[in-house]
Amino acid sequence: MKTTTEINEANAILRTYSGAHAKIFMFSPSLGRMALRLALSKTEEVIYLVGIACKQISGEFSFDNADFQISTGPEVGMTTIFDSHGKFKLLTSGGFLVAQGLEQEFGRSFDDFIADNDRIE
């Protein structure tokens, strides 16, 4: 499994998943975290895009032809995770994590979701 919190590296990974099926996979109100799952039919690996300290969400829960990008702003200390087609937008104040790997490498709750979970404090 590969993980990153670096915006340029994350956007490079996300570009390789342009056209993927996207869906909200998990949400923790107490932690303020949301995980989006991106999958392409041509590969066994998936991407999980985790928003940390989520503040605002708009858009669809599940859709095809996703084209995600991450940017800073609109305010200082905020991160925007968005689909370039306007189907989804998430604002966070704690940043993000992108994890790429095989489905079986991920857990099913935020307690065991990513083996290197000390990266998402």
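Everything that follows concerns the structure shown earlier in this document.
Residues numbered from 1 in each chain as written. Predicted model: local features only at pLDDT ≥ 70, side-chain atom pairs only at ≥ 80, totals over all residues. Heavy atoms only, no water.

### Quick word on the overall build of the chain
A count of helices and strands for the chain gives one helix and 10 strands. Traced from its N-terminal end to its C-terminal end, the chain shows the element sequence β-α-β-β-β-β-β-β-β-β-β. A compact globule built from 121 residues would reach a C-alpha radius of gyration of about 14 Å, and the chain, at 13 Å, matches this within 12%. With respect to the three principal axes, the spread of C-alpha positions in the chain is 35 × 30 × 25 Å. The proportion of buried residues among the 121 residues of the chain is 48%. Relative to all contacts within the chain whose residues are 6 or more apart in sequence, the contacts with residues 24 or more apart total 57%. Roughly 6,200 Å² of accessible area belongs to the chain as shown, and the carbon and sulfur atoms make up 48% of that amount. Placing the 11 positive and 16 negative side-chain charges of the chain at their respective mean positions leaves the two points 4 Å apart. (Helix = DSSP H or I, 4+ residues; strand = E, 2+ residues; numbered from the N terminus. Rg over C-alpha atoms; globule rule 2.2 N^0.38 Å. Buried < 20%, exposed > 50% of the residue type's maximum accessible area, 1.4 Å probe, protein only. Contact = heavy atoms within 4.5 Å. Areas by Shrake-Rupley, 256 points an atom, 1.4 Å probe, with all protein chains shown as cover. Lys, Arg positive; Asp, Glu negative; His and termini not counted. Charge placed at Lys NZ, Arg CZ, Asp CG, Glu CD.)

### Let's talk about the pattern of salt bridges
Summed over all chains, the structure comprises two salt bridges. Of the charged contacts in the structure, one is a salt bridge between Lys2 and Glu9, with a shortest N-O distance of 3.6 Å. On the basis of relative accessible area, Glu9 is assigned to the partly exposed category, the value being 32%. The shortest N-O distance in the salt bridge between Glu103 and Arg37 comes to 2.8 Å. Within this pair, whereas Glu103 is found in the segment after strand E10 (96-102), its partner Arg37 is found in strand E3 (residues 33-39), the two being separated by 66 residues in sequence. Each member of the pair, Glu103 as well as Arg37, carries the same accessibility label: buried. (Salt bridge = Lys/Arg side-chain N within 4 Å of Asp/Glu carboxyl O.)

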